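What follows is the residue order along each chain.
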Protein chains: 2
Amino acid sequence: MAKKDSKILDKSTEEKIKSAARLLFQQKGFAATRTRDIAQESGINLALLNYYFRSKEKLFELIMMEALTGFFAVLKSVINDSNSSFEDKLDLLVETYITRLLVNEDIPMFILSEIRSNPKALLKVINAERLMIDSVFIHQLQKQIEAGVYKPIHPNHFLMNFMGLTVFPFVAKPMILHLGDGNETEFRKHLEERKRLIPIWIKALLNT
Amino acid sequence: MAKKDSKILDKSTEEKIKSAARLLFQQKGFAATRTRDIAQESGINLALLNYYFRSKEKLFELIMMEALTGFFAVLKSVINDSNSSFEDKLDLLVETYITRLLVNEDIPMFILSEIRSNPKALLKVINAERLMIDSVFIHQLQKQIEAGVYKPIHPNHFLMNFMGLTVFPFVAKPMILHLGDGNETEFRKHLEERKRLIPIWIKALLNT
DNA sequence: GTCTATATACGGATAGAC
DNA sequence: GTCTATCCGTATATAGAC
């Protein structure tokens, strides 16, 4: 934001450090990541890390903040749009998230595992609690249930099912590859298929 | 195994250390856990940790090994039992895992996040790859599909759906509590309900 | 087996030259 | 802004008395 007027496309030092930090923090978590490794990975010197970001912790908070806001930006914009139907939102959410996660597979594990050690981090970014449960999305679901389109279900179950089907494969990828017959490419192919399948499945669950 | 002849029920020092280590490693992961904290938590002295387990790493490997074998013991015994039907296995697996995880909620996150940094750890314990995909359980599913009882589905999708619905809530608990209306007790109540619901849902998916 | 004291290494952070 | 050299706290591990 500050010094982004540079006409050159080369990443600034600051950006190089952030990229490396993102990579390492997301792969290994805060505690297992060494600032020295971040420095090396970004091709700069260790001292510059502190010069730009003051401390490992500050740098981490920045990365986590950006990951969280990025992750929830989509969600927030979609689930409270009153111009689209429940079914539209369902399609859009699944499609958008799987697409994004396929280019950045480590995000869910990163967020979930780090939040476990520091749950307050969530509060800063998603100031609104009950973000999902109070959304237009869920209200529309309840309308549909009242109208008899779907069978009754508790919103929390719906939430668990929806997220479970969509993001769990990314969290459990190593295990799934090991238990199943999967190689990397098979895995990605299945995830692509799930963009289409999950909305269908979710509706099936809502009719059961 | 070695010195378990003690007639006293008090936990041995070795066992006290292991309990504390289990607690801390599972909550915070390997890198964020300090051996000093394990010592303090178990009420013994730091030196004893190395006396019994040689190093932090060795202790961790032991804890992880036990977690993995515990986690997969159930799975292995159930999925290759040829005397029970596909549907029986489904019920039993969901019931067993939710029950166990409700008393030890950190296990899935612990396994999944540590495996990410060290995927080879899996190989040691689950020497058999394709454990799931080559099981009687999955073969029975395919028989049912051939018989027209269920619609075709790729085993990997089935695996992702099954695990996603069952274990994801435990992995994402903090997020789910935050996004939903959940307090701790609601959460547990929903998980109890899911013992009954998930098998029904899975069958619904298999008919879609 | 259990403790206190300590060796040793490592990782985060800064001083200061350029 | 960027580097090298270094400080200093902390964490693992061990020595050695009891």
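My aim in this report is to walk through the structure given alongside it, one point at a time. Residue positions within a chain follow its written sequence, with the count starting from 1. Ligands are numbered from 1 and chains lettered from A, in the order in which they are written. Only residues with pLDDT of at least 70 get local features here, since the model is predicted, and only at 80 or more are side-chain atom pairs given and counted; chain-wide, interface and lining totals rely on the full set of residues. Here the side-chain values reflect all heavy atoms present in the structure, with hydrogen atoms and water set aside.

Concerning a positive patch on the surface
To keep things clear, this is the line we draw: Distance thresholds for patches are 9 Å for like charges and 5 Å for nonpolar side chains (Val, Leu, Ile, Met, Phe, Trp, Tyr), applied to residues having over 30% relative accessible area and no salt bridge. For the area figures, the Shrake-Rupley method with a 1.4 Å probe applies, and any residue is considered shielded solely by the protein chains shown. In the sections that follow, a salt bridge refers to a side-chain nitrogen of Lys or Arg positioned within 4 Å of a carboxyl oxygen of Asp or Glu. In this tally Asp and Glu are treated as negative and Lys and Arg as positive; neither His nor the chain ends contributes. Each charge is placed at NZ for Lys, CZ for Arg, CG for Asp and CD for Glu. Comment: elements are numbered from the N terminus, with helices defined as DSSP H or I runs of at least four residues and strands as E runs of at least two.
A cluster of basic side chains, namely A:Lys28, A:Arg34, B:Lys28 and B:Arg34, defines a positive patch on the protein surface. Looking at the element boundaries, A:Lys28 is found in helix H1 (residues 13-32).

Quick look at the protein's contact with DNA strand C
What counts here: When at least one non-hydrogen atom of a residue lies within 4 Å of a molecule or strand, that residue is treated as near it. Side-chain atoms alone can form a polar contact between residues adjacent in sequence; in general such a contact is a pair of N or O atoms within 3.5 Å, and within protein one must be able to donate a hydrogen while the other accepts it. Each residue receives one of three labels: charged for Asp, Glu, Lys and Arg, nonpolar for Ala, Val, Leu, Ile, Met, Phe, Trp, Tyr, Cys and Pro, and polar for the others, Gly being one of them.
Surrounding DNA strand C, one finds 17 residues, the nearest of these being A:Thr35, A:Arg36, A:Lys56, B:Asn45 and B:Tyr52. Expressed as a percentage, the sugar and phosphate content of the atoms of DNA strand C within 4 Å of the protein is 54%. Contacts to DNA strand C include A:Arg36, whose side-chain N or O atom sits 2.6 Å from a base nitrogen. One of the side-chain N or O atoms of B:Thr13 is found 2.8 Å from a phosphate oxygen in DNA strand C. Only helix H2 (35-42) and helix H3 (46-53) of chain A together with helix H3 (46-53) of chain B provide two or more residues apiece to the surface near DNA strand C. Among the residues making up the surface near DNA strand C, the classes are represented as 6 nonpolar, 6 polar and 5 charged.

Overview of the packing of helix H5 (residues 86-103) of chain A against helix H9 (residues 155-171) of chain A
Residues and elements named next belong to chain A. Selection criterion: Interaxial angle, 0 to 180 degrees, is taken between N-to-C directions of lines fitted to C-alpha atoms, where a helix line uses only the stretch in contact. Here is the rule for angles: anything less than 35 degrees is roughly parallel, anything more than 145 is roughly antiparallel, 65 through 115 is roughly perpendicular, and the remaining ranges are oblique. Two helices crossing with the near one rotated counterclockwise from the far one by less than a right angle form a left-handed crossing, whereas a clockwise rotation gives a right-handed crossing. Only heavy atoms matter for contacts: two residues are in contact if any of them lie within 4.5 Å across the pair.
It is the contact of H5 with H9, at a shortest axis distance of 9 Å, that shows an interaxial angle of 25°. Of the possible angle classes, the one that applies to H5 and H9 is roughly parallel. Our pair here, H5 against H9, has a crossing hand that is right-handed. Residues Phe86, Leu90, Leu93, Val94, Tyr97, Ile98, Leu101 and Leu102 of H5 touch H9, and the partners they reach there are Phe158, Phe162, Thr166, Val167 and Phe170. In terms of residue class, the contact of H5 with H9 is made up of 12 nonpolar, 1 polar and no charged.

Points about the interface of chain B and chain A
The following threshold applies: Using a 1.4 Å probe, buried area is obtained as the accessible area two parts lose upon being combined, added over both of them.
In this assembly, 57 residues from chain B lie in contact with 57 residues from chain A. Buried surface at the junction of chain B and chain A, summed over both partners, amounts to about 5,300 Å²; 74% is from carbon and sulfur atoms. When the buried area of chain B at its contact with chain A is split by residue, B:Arg116, B:His178 and B:Leu179 rank highest and sum to 16% of it. Scanning the region where chain B abuts chain A turns up 2 salt bridges. A salt bridge links A:Arg116 to B:Asp106; the shortest N-O distance between them is 2.7 Å. Here chain B is connected to chain A by 20 residue pairs in polar contact (both at pLDDT 80 or more).

Some remarks on the packing of helix H4 (residues 56-79) of chain A against helix H6 (residues 107-117) of chain A
Residues and elements named next belong to chain A. Running from N to C, H4 and H6 cross one another at 120°; their axes reach a closest spacing of 11 Å. The element H4 and its partner H6 pack so that their crossing is left-handed. Listed contacts from H6 to Phe60, Ile63, Met64, Ala67, Leu68 and Phe71 of H4 are Ile107, Phe110, Ile111 and Glu114. Class assignment of the residues belonging to the contact of H4 with H6 gives a composition of 9 nonpolar, no polar and 1 charged.

Function cannot be inferred from these measures alone, as they are strictly geometric.
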